Structures are given as structure tokens and as C-alpha cells.
Amino acid sequence: MSQGRIAFQGELGANSHEACTAAFPDYEAVPHATFEEAFDAIKGGDCQLGMIPVENSIAGRVADVHHLLPSSGLKIVGERFKPIHFQLMANKGVKLEDIKTVASMPIALAQCRKAVRRLKLKTEAVGDTAGAAKALSEHPDPTRAAISPALAAEIYGLEILARDIEDEHTNTTRFLVMTADKSPSPPPFTQPCITSFTFKVRNLPAALYKAMGGFATNGVNISKLESYMEGGAWTATFFYAEADGRPEDRGLALAFEELRFFSEKFEILGVYPADPFRTRG
């Protein structure tokens, strides 16, 4: 029986759907056409959690999410790193040598360029990897294939003709787990944690340098620091950052104290266990 609902962006069978089922197998994964709709579903209570991709090891950050995240009002309660694998799939009974055209998202086509070239296939760009599989199931064609996650083949009744055809097998996407709960339960003290926060530096010379100085002097590692625009202003005074540790840790507490002194705004977006993937290899 389902414990709740978890929102993701994309069609059923997308990489985000796979991430949901792997991390929260007891939750019902609920697809949404846009990130805005997924965020609204979490904020409105239709879904208790959200699985939102924020960056990919090859393609970089997911721009839409970084625009929405700071102003979402949601809290981050987890992170998941998911290795990304792409499968070449077609309607049942179709042979690999019959395929002439393959459809998928432009980024997926680009990440499978070597296989596509080797098979001498024409490419067709569509908006969603799982959407390409869904379209093929609804309109069978023995000359067409889709590049999509394995779950999509299972959902849409397609056969996988070639597995794991991505050029780079280290391709990984990082997801954040989101909730509308304003005061989520803190993670166990036995686990290494990440604290995500936003801040806006004061209009002073070297303000960012001074604001970040406390992290260096207190030995706190900053794993991410990104600037972004607020309200369409062409200034880089607003920042999203991630630090190792919890706000109660002495080093991070002192660093935050110094940061607040040089900042006009400061907000903690979440404290959550670090995914073990960070320390692998």
C-alpha cells in the first residue's frame, strides 16, 4: 500500500521516475509536465515529497530548477545521486537492422552519439526521453526506435534492442528530495550531513569575500556556491550554497554568524544526509 505521493517532472518512465521508485518504493510516483507544476503539487499538498534533478555530471545544472528552488518555500530533506543509463527500444518484434530513425531528448541523443553513429540512425529531437517511448507505443513503427530509461520499456511495452548505450558510463544526475513541511525532522546525528542555504550580500566592497571568510577560518567545506538573479536584476549578489555539516556544528554555526553580519538576507533551505555516492571512488 502506498505511503504517500512523490512528484517528479516528466512522463512515466523518465529518469526522475526511476529515481523516485529506487529511493521511495512505497510512494506513488506522480508525473508533471513542468517543474513549476511539480513544485505546486508539493506546495499544495497533493504530493508529500518531490524528486527534483538539480545537476548532471555531463550537462551541468538544471537551469529551471535553480531559478525556482530559492523562492519555492520548500525544504530539502534529502539528496540522491543516480547513474544515468539509456536504452535503445522499439516495438515488439522489431529487429535492430530495421531501425532507421531514433527519437529522444536532445541531451540524451548527444550522450548516445557514438551508438547512434555506429548504427547509422537518423535522430529526431523530442521534449522527453520517456515521452519518446510513449509516442512509439501509441504509434507503432518498425523503422523507429526511442532512447529512454529501462523503466519506460517496461511501462510502454517496448523491447530493448541495445542496453546502456550512453557514451560516458560515469554519467550521473543529482536529485534533491523536497517537502512542504516547514520544520522537517532533523537527520540522525550519526550521518554526515549537507546544509543548503541562500544569502544576499550587503552592498559593500569585497562583501562576498568577507561573507565567506568565516567558512575558511572555521574549517568548513563549501561544496557548492552559485550566484543567481533575483527579480530580473542583473546583479550577482544573491547566492545559493551548500556546506558540509549541520547548523548546530560549532564550525558551521560560527561561519553562519559571520555570514549573517555581511548579508542582508539569509535562509537555510534544508539539512539532510549526504548521499554515500559522494565518498565513493
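The rules behind these values
- Residues numbered from 1 in each chain as written.
- Predicted model: local features only at pLDDT ≥ 70, side-chain atom pairs only at ≥ 80, totals over all residues.
- Heavy atoms only, no water.
- Salt bridge = Lys/Arg side-chain N within 4 Å of Asp/Glu carboxyl O.
- Helix = DSSP H or I, 4+ residues; strand = E, 2+ residues; numbered from the N terminus.
- Buried < 20%, exposed > 50% of the residue type's maximum accessible area, 1.4 Å probe, protein only.
- Phe/Tyr/Trp six-rings, centres within 6.5 Å; stacked < 30°, edge-to-face > 60°.
- Pairing = 2+ DSSP bridges.
- Axes fitted to C-alpha atoms, helices over the stretch in contact; angles between N-to-C directions.
- Core = buried A, V, L, I, M, F, W, Y, C linked by side-chain atoms within 4.5 Å.
- Contact = heavy atoms within 4.5 Å.

A.B. asks: Even after reading the chapter, I still don't get the pattern of salt bridges, so can you show me in this structure?
C.D. replies: Pairing between side chains becomes possible if they bear opposite charge and their charged atoms approach one another. Following the criterion strictly, the structure yields 14 salt bridges and no others. Measuring nitrogen to oxygen at the nearest pair gives 2.9 Å for the salt bridge that ties lysine 82 to glutamate 18. Note that lysine 82 is positioned in strand E5 (residues 75-83) and glutamate 18 in helix H1 (residues 15-23), a separation of 64 residues in sequence. Here lysine 82 falls in the buried class, since its relative accessible area comes to 14%. Note that arginine 174 is salt-bridged to glutamate 242, the shortest N-O span being 3.1 Å. Of this pair, arginine 174 sits in strand E11 (residues 172-179) while glutamate 242 sits in strand E14 (residues 238-244), placing them 68 residues apart in sequence. With a relative accessible area of 4%, arginine 174 lands in the buried category. Members of the salt-bridge network, linked through shared partners, are Glu55, Arg61, Glu79, Arg174, Lys224, Glu226, Glu242 and Arg278.

A.B. asks: Mind showing me how you'd approach the packing of aromatic side chains here?
C.D. replies: Working definition: an aromatic ring pair is given by the centre-to-centre distance plus the angle between the planes. Considering all chains together, one arrives at 10 aromatic pairs under this definition. With a centroid separation of 6.0 Å and an interplanar angle of 25 degrees, the aromatic rings of phenylalanine 197 and phenylalanine 199 are classed as stacked. As far as burial versus exposure is concerned, phenylalanine 197 and phenylalanine 199 are alike and both buried. Where phenylalanine 261 meets phenylalanine 262, the ring centres are 5.0 Å apart and the plane angle is 85 degrees; that geometry is what we call edge-to-face. On the basis of relative accessibility, which here comes to 15%, the residue phenylalanine 262 falls in the buried class.

A.B. asks: For this particular structure, what's the right way to read unusual backbone geometry?
C.D. replies: Excluding glycine, a negative phi dihedral is what most residues carry, and trans is how most peptide bonds are arranged. With phi around 55 degrees, lysine 120 is a residue other than glycine that occupies positive phi space. Of note, lysine 120 is situated in the loop between helix H5 (113-118) and strand E8 (122-125). For lysine 120, a relative accessible area of 75% puts it in the exposed group. Positioned with a positive phi, aspartate 164 is a non-glycine residue whose angle comes to about 50 degrees. Mapped onto the fold, aspartate 164 is located in the loop between strand E10 (159-162) and E11. The class for aspartate 164 is partly exposed, based on a relative accessible area of 36%.

A.B. asks: Where do I start with the sheet that holds strand E7 (residues 101-104) in this structure?
C.D. replies: Either a parallel or an antiparallel arrangement is found when strands of a sheet pair, and the pairing is made through backbone hydrogen bonds. Ordered by their spatial adjacency, 5 strands build an open sheet running E8-E7-E9-E6-E10, and the pairing between neighbours is mixed. Where the open sheet ends on each side, the last strands, each with one partner, are E8 and E10. The mean angle between the axes of side-by-side strands here comes to 35 degrees, regardless of whether they run parallel or antiparallel. Where strand E6 (residues 87-90) and strand E9 (residues 144-148) come together, 3 bridges link them in antiparallel fashion.

A.B. asks: Teacher, can you tell me more about the nonpolar core here?
C.D. replies: Nonpolar side chains in soluble globular proteins tend to end up buried together. Residues Ile52, Ile76, Leu176, Met178 and Tyr240 are the most contacted members of the largest nonpolar core, which totals 24 residues. Looking at this core, the elements with two or more residues in it are helix H2 (35-43), strand E3 (49-56), helix H3 (63-68), E11, E14 and strand E15 (263-273). Those residues in contact with isoleucine 52, other than ones at most four positions away along the chain, are Phe35, Ala38, Phe39, Val65, Arg174, Phe175, Leu176 and Met178.

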